[in-house]
Amino acid sequence: MTDKQMEFIANLIADKFEACKDMKDVKSAVKKVRDMASKDKPVNKDDK
């Protein structure tokens, strides 16, 4: 992973948490980040 890619990911995560006002918002942001990460993974038939 390049430094530029890492910077992009870090900024994306920071943007998700920036607007959080309480733990409910944090939990929602964590779920959104995890959902985004799982969409990027290719599906492997052998994993099921």
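Coordinates for the structure precede this section.
First, a word on scope: everything that follows refers to the structure included in this document. Note that this is a predicted model, so its numbers are computed, not measured.

**Structural notes on the overall build of the protein**
- Check the secondary structure of the protein and you find two helices and zero strands.
- The 48 residues of the protein split such that 4% are buried.
- Counting only carbon and sulfur atoms, one obtains 56% of the accessible surface of the protein, whose full area is about 4800 Å².

**Focus: a nonpolar patch on the surface**
- On the surface, Met1, Met6, Phe8, Ile9, Leu12, Ile13 and Phe17 cluster together into a nonpolar patch covering about 670 Å² of accessible area.
- Within the secondary structure, Met1 is located in the segment before helix H1 (3-18).
- For Met1, a relative accessible area of 71% puts it in the exposed group.

**Points about the environment of Ala29**
- Secondary-structure assignment places Ala29 in helix H2 (residues 23-40).
- Taking relative accessible area as the criterion, Ala29 reaches 3% and is therefore assigned buried.
- In this structure, the C-alpha to C-alpha distance between Ala29 and Ala14, residues 15 residues apart in sequence, is 9.8 Å.
- If we ignore the near neighbours within four places in the chain, the residues touching Ala29 are Lys16, Phe17 and Cys20.

**Notes on the environment of Ser28**
- Looking at the secondary structure, you find Ser28 in helix H2.
- Along the sequence, Ser28 and Phe17 sit eleven residues apart, while their C-alpha atoms lie 9.3 Å from each other.

**Remarks on the pattern of salt bridges**
- Tallied over the entire structure, the rule returns one salt bridge.
- Residue Lys31 is joined to Asp35 by a salt bridge in which the shortest nitrogen-to-oxygen separation is 2.9 Å. Placement of both Lys31 and Asp35 in helix H2 is noted, with a separation of four residues, approximately one turn of the helix.
- Taking the relative accessible area as the measure of exposure, Asp35 reaches 31% and is therefore partly exposed.

Analysis parameters
Residues numbered from 1 in each chain as written. Predicted model: local features only at pLDDT ≥ 70, side-chain atom pairs only at ≥ 80, totals over all residues. Heavy atoms only, no water. Helix = DSSP H or I, 4+ residues; strand = E, 2+ residues; numbered from the N terminus. Buried < 20%, exposed > 50% of the residue type's maximum accessible area, 1.4 Å probe, protein only. Areas by Shrake-Rupley, 256 points an atom, 1.4 Å probe, with all protein chains shown as cover. Patch = residues over 30% accessible without salt bridge, like charges linked within 9 Å, V, L, I, M, F, W, Y side chains within 5 Å. Salt bridge = Lys/Arg side-chain N within 4 Å of Asp/Glu carboxyl O. Contact = heavy atoms within 4.5 Å.

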